[in-house]
Amino acid sequence: MTWQNHSVLMEFVFLAYPFHAELRILVFLGISLIYVLVITGNVLIVLAIQRETCLHTPMYYFLGSLSGVEVCYTAVVVPHMLANALKTQETIILLGCATQMTFFIRLGGADCFLLAAMAYDRYVAIYYPLQYPLIVTLTLCVRLVAASVVIDLFLSIQLVAFLFSLPFCQAWGIKHFFCDVSPVMQLVCANSHFHEHSALVAAALAIAVPFFLIATSYASIVSAVLRIHSAAGRSRAFSTCSSHFTVVLLQYGCCAFIYMRPSSNYSPKKDQLLSLV
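Computed from a predicted model, the values in this text were never measured in an experiment.

**Quick look at helix α1 (residues 21-51)**
Counting along an α-helix, one turn takes 3.6 residues, and residues three or four places apart therefore face a common direction.
Logical step 1: An ideal rise of 1.5 Å per residue puts 45 Å on 31 residues; α1 measures up with 44 Å between its terminal C-alpha atoms.
Logical step 2: Listed as buried for α1 are R24, I31, S32, Y35, N42 and I49.
Logical step 3: Of the surrounding elements, those touching the buried residues of α1 are α2 (58-85).

**Digging into the sheet that holds strand β1 (residues 11-14)**
Logical step 1: If you walk across this open sheet you meet the three strands as β2-β1-β3, and the pairing is mixed. Strand pairing shows two members of the sheet lacking a second neighbour, β2 (91-93) and β3 (173-174), which therefore form its edges.
Logical step 2: Where β1 and β2 come together, three bridges link them in antiparallel fashion. Its bridge partner being in β2, V13 is matched across the sheet by T91.

**Quick look at helix α3 (residues 94-127)**
Logical step 1: With 34 residues, α3 extends 49 Å between its outermost C-alpha atoms, agreeing within 8% with the 50 Å of an ideal straight helix rising 1.5 Å per residue.
Logical step 2: Within α3, 27 of the 34 residues are buried, leaving the element largely enclosed by the surrounding structure.

**Brief notes about the nonpolar core**
Logical step 1: One finds F12, M101 and F164 to be the most contacted residues of the largest nonpolar core, which totals 62 residues.
Logical step 2: Among the elements of the structure, β1, α1, α2, α3, α5 (138-163), α6 (181-185), α7 (192-226) and α8 (231-259) are those that each provide at least two residues to this core.
Logical step 3: When residues of this core are assigned to their parent elements, the largest contribution, 18 residues, is made by α3.
Logical step 4: Contact partners of F12, with chain neighbours within four places excluded, come to E90, T91, I92, L94, C97, F164, F168, W172, I174 and L187.

**Quick word on the confidence of the model for the chain**
Logical step 1: On average, the chain scores 79 in pLDDT, and the residues at 70 or more come to 81%.
Logical step 2: Within the chain, the element-level pLDDT minimum falls on helix α9 (residues 268-276), averaging 55, and the maximum on helix α4 (residues 132-135), averaging 90.
Logical step 3: Contacts from residues 1-5, a stretch scored under 50 in pLDDT, to residues over four places away or in other chains number 10 contacts.

**As for the packing of α2 against α5**
Logical step 1: Packing of α2 against α5 leaves a shortest axis separation of 10 Å and a crossing angle of 25°. For the element pair α2 / α5, the angle class is roughly parallel. Taken as a pair, α2 and α5 cross one another with a handedness that is right-handed. Seen from α2, the contacting residues are P58, Y61, F62 and S65; seen from α5, they are L138, C141, V142, L144 and V145.
Logical step 2: Of the residues that constitute the contact of α2 with α5, the class distribution is eight nonpolar, one polar and no charged.

**Brief notes about the state of the cysteines**
Logical step 1: Under the defined criterion, the tally for this structure stands at one disulfide.
Logical step 2: With its sulfur 2.0 Å from that of its partner, C97 forms a disulfide with C179. In this structure the cystine formed by C97 and C179 twists about its S-S bond by roughly -125°; its chirality is therefore left-handed. Of this pair, C97 sits in helix α3 while C179 is found in the loop between β3 and α6, placing the two residues 82 residues apart along the sequence.

**A closer look at the pattern of salt bridges**
Logical step 1: Per the counting criterion, the structure on display carries one salt bridge.
Logical step 2: Note that D121 is salt-bridged to R122, the shortest N-O span being 2.9 Å.
Logical step 3: With a relative accessible area of 1%, D121 lands in the buried category.

**Quick notes on the pairing of β1**
Looking along a regular strand, one sees the side chains alternate between the two faces of the sheet.
Logical step 1: Where burial is concerned, the two faces of β1 differ: the one with F12 and F14 is buried and the one with E11 and V13 is not.
Logical step 2: For β1 and β3, the ladder comprises two bridges, and the chain directions are parallel. When the sheet's bridge partners are listed, V13 is paired in β3 with G173.

**Some details on the packing of aromatic side chains**
Logical step 1: Throughout the structure, instances matching the rule amount to eight aromatic pairs.
Logical step 2: Relative to Y123, the ring of Y120 lies with its centre 6.2 Å away and its plane at 40°, an arrangement referred to as tilted. With Y120 and Y123 both in helix α3 and three residues apart, the pair spans about one turn of that helix.
Logical step 3: One aromatic cluster is present, formed by Y120, Y123, Y127 and Y128 through successive ring pairs.

Scoring rules and cut-offs
Residues numbered from 1 in each chain as written. Predicted model: local features only at pLDDT ≥ 70, side-chain atom pairs only at ≥ 80, totals over all residues. Heavy atoms only, no water. Helix = DSSP H or I, 4+ residues; strand = E, 2+ residues; numbered from the N terminus. Expected span 1.5 Å × (residues − 1). Buried < 20%, exposed > 50% of the residue type's maximum accessible area, 1.4 Å probe, protein only. Contact = heavy atoms within 4.5 Å. Pairing = 2+ DSSP bridges. Core = buried A, V, L, I, M, F, W, Y, C linked by side-chain atoms within 4.5 Å. pLDDT = per-residue confidence, 0-100. Axes fitted to C-alpha atoms, helices over the stretch in contact; angles between N-to-C directions. Parallel < 35°, antiparallel > 145°, perpendicular 65-115°, else oblique. Left-handed = near helix turned anticlockwise from the far one by under 90°. Nonpolar A, V, L, I, M, F, W, Y, C, P; charged D, E, K, R; others polar. Disulfide = S-S within 2.5 Å. Salt bridge = Lys/Arg side-chain N within 4 Å of Asp/Glu carboxyl O. Phe/Tyr/Trp six-rings, centres within 6.5 Å; stacked < 30°, edge-to-face > 60°.

Here's what the structure looks like:
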């Protein structure tokens, strides 16, 4: 059964939501609270960067772009999760599932490439401090942000089109809160080894490539900082990268565990928890 034989009105059923009404309400309230905090925090970051002229620098331009992507990233799945938490049967049509997955992969990949752009910004600021204003211009920042969004557009469309062209089993129950690659891949009836490897290659392009760029930038940063003779100077240089490095570890720790491992190690419960992070 290929994409042409799948009816776009066919429905997937989400199996991760609790059965009891009381637990559903708790899930709804918990997700709502986290969603409000995420949206409020990111919107405040964007507004602060726009209003304060002292924050009109490349580092904060990337941070504002990252916050904007985060708002869209959560908006792709969380409102649908909230609606499902209050329904007796949590379903989504095939076309809706494919659309949700496309935007989820695209924005998640853009998140990774933006982190790579931020690492490059810190690398230039520390390694070439005098030439920094000439190298990292507003034009370069805009191009890097645009590239982060566009690159994953093609990757996400190709991956989703490939995945939804495969034959699915009759039991269309997704052990997750939303349409993610790993739980949907579990529904494929065909020999999964080739498909699994294809998904791993796509994950490598979206996750490992920006991670390699980040690792290369930080290796150069550490090399430059260690050449600073003053302990106060080294501490100040490392402090400018510490928050970004923490976000990278959190983002890539979760992504690597969920997407860059074989299906034999697939654990629905762990993936559900990590995806909420």
